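Given next are the chains, with one letter for each unit.
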Amino acid sequence: MRHKKTRRPNTVKAVVYKKPFEVAVETVDDPKIQHPNDVIVKITSSCICGSDLHMYEGRTAAEPGIVFGHENMGVIQELGSAVKNLSVGDRVVMPFNVACGFCKNCQRGYTGFCTTVNPGFAGGAYGYVAMGPWVGGQAEYMQVPFADFNCLPLPKGDQFEADFALLADIFPTGYHGAELADVSPGESVAVFGAGPVGLMAAYSSVIRGAAEVYCIDHVQERLDKAASIGAIPINFDDGNPVEQIRDIRNDTGVDKGIDAVGYQAAAQGSSAAGGEQEEIPNVVLNQMIDVVKPTGMMGIPGLYVPSDPGGVNESAKSGALLLNFGKLFEKGLRLGTGQCNVKKYNAYLRDLIIAEKASPSFVVSHEVSIDEAPDAYTKFDQRVDGYTKVILHP
């Protein structure tokens, strides 16, 4: 069974970007083994990510025709001849980072910054603009390169399907935010953003032993999810979140801060719907500088980009944001940034799920067929009908 090849159609269904605010389910070429270390995976679950919405809304250089999907899991259907540690039928989840395993950055554990898979750039990903040629997995099948390195084996069957699907990105990324901020037992933490990554950052802070976790957002369904894991919800539409937290904490700030929002941060009272927000791209960074106590740490897993065609001004369009660096320096704050190196965390988080010590799927609101992807994208982007996290099933 190890090298058995399964007959597949010449074309497969996939979620294809058409133009801003429009995707379609179309037929595309069936993926093929292109290198002896590839595998072909039959997708069982692929998540819609908040990062996909940046492309969906036309806020990147993504061209029509790109197949979305970087949060993917499934069952191996075909092996390249050089694959040694995997077999046909293995259930696997793939980090959103495509990595080689042998470049200098990969050897040092920085798999999110692989220098092999996307020549001229440090880092690659499936189905994402400027992140290499790797076709996304919101499809029936996908090609996985450097498979022995990139495939995380899972127990056979369908147990913990939704939990394991989150190992591709948001659970490790949320944990990465807590790691960047060095969240430690007994500490207080402010997590800006209660979207999927923000909720995972709050959940990871709880797992790491934080005594108080504040979750800042203005979408009620998200704040309710935060409260369900013991976080303290802060609605920034009700006033400056820094002042709200200080009022609760008797005029003191918090030990650590996590920015899980990124460059599309919304203003107080703004619409939450994609394309309708009033944006202040530096607001979260400066509020985090305000609320974290002197000598504290800040983790920034939220996405910031060097080029934003929809930026609110010329500086924002080039990724140049005005920060209160003087206050950051005065307070002796430290910060960490950058996309998550998923392989640093995913095996450990998988084992927490198997041991039933973690259940990140509380964040999942909808599981739908791939045929329903266009409607799911619309509702997820508009933040309506309780859409907090969506899993597509081909």
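Okay, so let's go over this structure. One numbering rule holds for all chains: residues counted from 1, following each sequence as written. Reporting in this predicted model follows two pLDDT cut-offs: at least 70 for local features of residues, and 80 or more for side-chain atom pairs to be given and counted; totals over whole chains, interfaces and linings ignore these cut-offs and use all residues. The side-chain quantities take in all heavy atoms of the structure and omit both hydrogens and water.

**Notes on the packing of aromatic side chains**
- In this analysis, rings of Phe, Tyr and Trp, with Trp reduced to its six-membered ring, are considered paired at centre separations within 6.5 Å, and the interplanar angle assigns stacked below 30 degrees, edge-to-face beyond 60, and tilted for intermediate values. Enumeration over the complete set of coordinates arrives at nine aromatic pairs.
- Judged by centre distance (5.7 Å) and plane angle (70°), the rings of F160 and F164 are edge-to-face. The same class applies to F160 and to F164, which are both buried.
- Centroid distance F171 to Y203: 6.2 Å. Interplanar angle 35°. Geometry classified as tilted. Taken as a pair, F171 in helix α5 (residues 170–180) and Y203 in helix α6 (residues 196–207) lie far apart in primary sequence, 32 residues in all. Just as F171 is buried, Y203 falls in that class too.
- Taken together, the aromatic side chains of Y17, F21, Y56, F68 and Y377 make up a single cluster linked through ring pairs. Only protein chains enter the accessibility calculation, which uses a 1.4 Å probe; a residue is then buried when its area is under 20% of its type maximum, exposed when over 50%, and partly exposed in between. A run of H or I in DSSP counts as a helix once it spans at least four residues, and a run of E counts as a strand once it spans at least two, with each numbered from the N terminus.

**Section: the packing of α5 against α6**
- Taken N-terminus to C-terminus, the directions of α5 and α6 make an angle of 60°; their axes are 7 Å apart at the nearest point. The angle between α5 and α6 places the two elements in the oblique class. When the axes of α5 and α6 are compared, the crossing they make is right-handed. Residues I170, F171, T173, G174, Y175 and A178 of α5 form the contact with α6, whose own contacting residues are P196, V197, M200, A201, Y203, S204, S205 and I207. Inter-axis angles, ranging from 0 to 180 degrees, are taken between N-to-C directions of lines fitted to C-alpha atoms, where helices are fitted over the stretch in contact. Between 65 and 115 degrees an angle is taken as roughly perpendicular, under 35 as roughly parallel, over 145 as roughly antiparallel, and anywhere else as oblique. Put simply, a crossing is left-handed when the front helix is turned counterclockwise from the back one by less than a right angle, and right-handed when it is turned clockwise. Working rule for contacts: check all heavy atoms of both residues, and any pair within 4.5 Å makes them a contact.

**Considerations on the packing of helix α8 (residues 241–248) against helix α9 (residues 283–291)**
- Taken N-terminus to C-terminus, the directions of α8 and α9 make an angle of 25°; their axes are 9 Å apart at the nearest point. In terms of orientation, α8 lies roughly parallel with respect to α9. Handedness of the crossing formed by α8 with α9: right-handed. Contact residues: α8 offers P241, V242, I245 and R246, while α9 offers Q287, D290 and V291.
- When residue character is reported, Ala, Val, Leu, Ile, Met, Phe, Trp, Tyr, Cys and Pro are called nonpolar, Asp, Glu, Lys and Arg charged, and the others, Gly included, polar. A class-by-class count of the residues in the contact of α8 with α9 yields four nonpolar, one polar and two charged.

**Comments concerning the nonpolar core**
- One finds L167 and F171 to be the most contacted residues of the largest nonpolar core, which totals 69 residues.
- The dominant element in this core, judged by the number of residues it contributes, is α6, at six residues.
- Look past the residues within four positions of L167 in its chain and what remains in contact with it is V93, L152, L154, P172, V342, N346, L349, R350 and I353.
- We call a set of buried residues a nonpolar core when its members are Ala, Val, Leu, Ile, Met, Phe, Trp, Tyr or Cys and they connect through side-chain atoms within 4.5 Å of each other. By size, the runner-up hydrophobic cluster in this structure holds 24 residues, among which are L79, L86, C114 and A147.

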